[in-house]
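Chains, contacts and geometry: an overview
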Amino acid sequence: MSAFRQSVEAMIPALRRYARALARDADIADDLVQDTLVRALRSERLFLGGDVRSWLYTILTNLNKNRRRSLARRPQFMPLLDNNPDASGTEAEGRDIARALSTLVEEQRAVLLLVVLEGLSYREVADIQGVPIGTVMSRLARARAHVKASLDGERPALRRVK
Amino acid sequence: MTDRTIPVTEDELHAYVDRELPAERSGDVEAWLAAHPEDAERVQSWRAMAEALHERYDSVANEPVPQRLELERLERQPRRFIYGSIAAALIAFVAGGGVGWFARGEAAAPSQMQSFTEDALDAHRLYVVEVRHPVEVPGSERTHLQQWLTKRCGWDVRAPELASTGLKLVGGRLLPGPNGPASFLMYESSSGERFTIYTAKAAMKAAQMRTTTFDKDSAMFWADRGVGYVVSGGNDRERLAQVARAVYEQVEKNGG
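Residues numbered from 1 in each chain as written. Chains lettered and ligands numbered in written order. Predicted model: local features only at pLDDT ≥ 70, side-chain atom pairs only at ≥ 80, totals over all residues.

**Section: the nonpolar core**
Ranked by size, the top nonpolar core spans 57 residues in total, and within it Tyr 18, Ala 19, Val 33, Leu 60, Val 111, Leu 113 and Leu 114 of chain A carry the most contacts. For this core, the element with the most residues is helix α1 (residues 3-23) of chain A, which contributes 9 residues. Every residue in contact with Val 111 of chain A, bar those within four places of it in the chain, is listed here: Val 125, Val 136, Arg 139, Leu 140 and Ala 143 of chain A. Counting residues in hydrophobic clusters, the runner-up holds 42 residues, among them Leu 175, Ala 182, Phe 195 and Val 243 of chain B. (Core = buried A, V, L, I, M, F, W, Y, C linked by C-beta atoms within 7 Å. Buried ≥ 20, exposed ≤ 12 C-beta atoms within 10 Å, placed from the backbone. Helix = DSSP H or I, 4+ residues; strand = E, 2+ residues; numbered from the N terminus. Contact = placed C-beta atoms within 7 Å.)

**Notes on the pairing of strand β5 (residues 210-214) of chain B**
Residues and elements named next belong to chain B. Here β5 lies mainly inside the structure; 5 of its 5 residues are buried. Burial of β5 is two-sided: the residues Arg 210, Thr 212 and Phe 214 facing one way and the residues Thr 211 and Thr 213 facing the other way are all buried. As paired strands, β5 and strand β6 (residues 217-224) are joined by 5 bridges and run antiparallel to one another. Note on β6: the bridge partner recorded for Thr 212 is Ala 219. The hairpin formed by β5 and β6 contains 2 residues between the paired strands, and Asp 215 there has a positive phi angle of roughly 55°. (Pairing = 2+ DSSP bridges.)

**Considering helix α7 (residues 142-153) of chain B**
Residue and element names in this part refer to chain B. With 12 residues, α7 should cover 16 Å at 1.5 Å per step; its first-to-last C-alpha distance of 16 Å lies within 8% of that length. On the buried face of α7, the contacting elements are β1 (137-138), β2 (167-177) and β3 (180-189). With its phi angle positive at about 95°, Gly 154 sits one or two positions after the end of α7. (Expected span 1.5 Å × (residues − 1).)

**So, the sheet that holds β2 of chain B**
Residue and element names in this part refer to chain B. If you walk across this open sheet you meet the 7 strands as β1-β2-β3-β4-β7-β6-β5, and the pairing is antiparallel. The open sheet has two free edges, formed respectively by β1 and β5, since each of these has just one partner strand. The pairing of β3 with strand β4 (residues 194-201) spans 7 bridges and is classified as antiparallel. In the sheet register, Glu 188 faces β4, and the bridge partner there is Arg 194. Sitting on the sheet, helix α6 (residues 112-128) touches β2, β3, β4, β5, β6 and β7 (227-233), and the angle it makes with β6 is about 130°. Most of the contacts of helix α8 (residues 237-253) go to β7, to which it runs at about 150°, and overall it touches β2, β4, β6 and β7. (Axes fitted to C-alpha atoms, helices over the stretch in contact; angles between N-to-C directions.)

**With respect to the environment of Val 135 of chain B**
Residues and elements named next belong to chain B. One can find Val 135 in the loop between α6 and β1. Note on Val 135: 18 C-beta atoms within 10 Å, which makes it partly exposed. The spatial distance from the C-alpha of Val 135 to the C-alpha of Leu 185 is 8.0 Å, given a sequence separation of 50 residues. Apart from the residues lying within four places of it in its own chain, the contact partners of Val 135 are Val 170, Gly 171, Gly 172, Arg 173 and Met 186.

**Considering the environment of Ala 50 of chain B**
Residue and element names in this part refer to chain B. Within the secondary structure layout, Ala 50 lies in helix α3 (residues 37-62). Note on Ala 50: 18 C-beta atoms within 10 Å, which makes it partly exposed. Expressed as a C-alpha distance, the spacing of Ala 50 and Val 17, which sit 33 residues apart in the sequence, is 9.9 Å.

**Concerning unusual backbone geometry**
One non-glycine residue, Arg 24 of chain A, lies in positive phi territory at about 70°. Examined against the element boundaries, Arg 24 of chain A turns out to sit in the loop between α1 and α2 (26-42). Take Arg 24 of chain A: there are 18 C-beta atoms within 10 Å of it, and that puts it in the partly exposed class. Even without a glycine there, the phi angle at Arg 225 of chain B is positive, about 50°. Position of Arg 225 of chain B among the secondary structure elements: in the loop between β6 and β7. A tally of 11 C-beta atoms within 10 Å means that Arg 225 of chain B is categorised as exposed.

**Side note on the confidence of the model for chain B**
When pLDDT drops low, the exact placement of atoms in the prediction is not to be read closely. Overall, the prediction assigns chain B a mean pLDDT of 82, with 82% of residues at 70 or greater. Across the interface, the model reports ipTM at 0.81; the global pTM reads 0.54. (pLDDT = per-residue confidence, 0-100.)

**A short note on the environment of Asn 254 of chain B**
Summarising the element assignment, Asn 254 of chain B is placed in the segment after α8. Through-space distance from the C-alpha of Asn 254 of chain B to that of Asp 156 of chain B is 9.2 Å; in sequence the pair is 98 residues apart.

In structure tokens:
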């Protein structure tokens with residue numbers, strides 16, 4: 001297996017984690033990862049070195065943006081069954097953070113997850129989103145303030161309906 | 001305390017937490033936090049947030065990677081599964097007018113799920129227009145209907161109570177299905193709109209709902225414990241989703 005393929009493969013678990021937090025639904029999340037991988041494999045020859053990791057996060061982030069754009073005109077149809085209820089003692093806590101995440105607008109959620117969960121630098125996130133670093137930082141600040149308010153029990157703002 | 005009193009900005013607090021702050025400024029921030037409990041509290045809450053995120057989602061990264069994400073498999077069948085995704089289904093369901101996702105990509109190799117759903121839609125179209133004999137056993141004999149269908153089909157057939165969505169059981173019938181008998185239940189609202197629930201044995205793993213639209217009818221499909229369910233109705237997809245959801249919830253509650 002080529003070095004490129006090895007680096008893609010090594011990223012699958014992290015991509016799944018990011019996608020799950022981003023999309024919330026386990027099936028949709030894995031669909032996003034799958035589409036990301038297919039695209040990556042197909043574009044292997046177009047990949048001219050650089051950081052595979054950032055590149056994969058970029059593809060996934062864009063795919064999710066497109067998906068949400070397609071869905072934006074109608075209320076989202078939520079999955080009825082969580083196939084992978086995370087069995088852990090902190091389930092209630094976990095659900096709170098998931099709910100708080102769901103109240104964020106897309107770009108803010110992506111920034112928060114890329115920085116905090118995936119450990120990317122501000123610079124990398126700026127490249128992924130195609131915005132200046134200052135925008136990344138303000139999105140991050142707003143995301144943290146919003147999630148904090150939500151976790152502190154303030155009634156989360158109604159989910160954004162476009 | 002002369003140089004160090006340069007006020008710390010909010011951006012710097014974030015950068016400090018995210019280890020993006022130049023090392024020489026960290027000491028200033030720490031001093032600042034010691035003197036400003038409100039900022040210290042915020043920084044603390046951001047750290048707790050990070051912990052909560054990891055606690056909630058790190059387990060996903062530790063799960064074994066599902067087969068369908070294995071690179072070798074994706075290369076062998078690069079696009080096969082993509083259109084079979086719930087995401088594609090949702091997009092087709094929400095944005096598509098007329099042609100559902102089944103029409104895309106899978107036409108060359110009709111899946112079991114596709115033919116299953118088509119069978120159900122055929123039955124739906126055939127019987128919903130029937131005025132005098134839409135069913136074999138009327139809804140007034142609900143208990144008998146359920147016992148009969150359960151006995152013939154071999155799984156627990158229950159007619160869900162859909163009054164909450166404004167629907168009343170018209171009745172049901174037995175149909176030939178893809179893998180033996182199929183049960184077919186019909187519901188009706190006071191305004192005459194009809195919905196049907198088709199169930200048959202299905203060796204598919206598809207716990208999540210999928211959907212398709214054909215002509216003037218739409219259907220939602222899912223499978224659970226070896227039984228496939230198709231709820232069919234008219235082209236008002238939100239309404240169909242509402243009904244399908246009610247059916248799904250009751251099937252879940254009754255344990256299939």
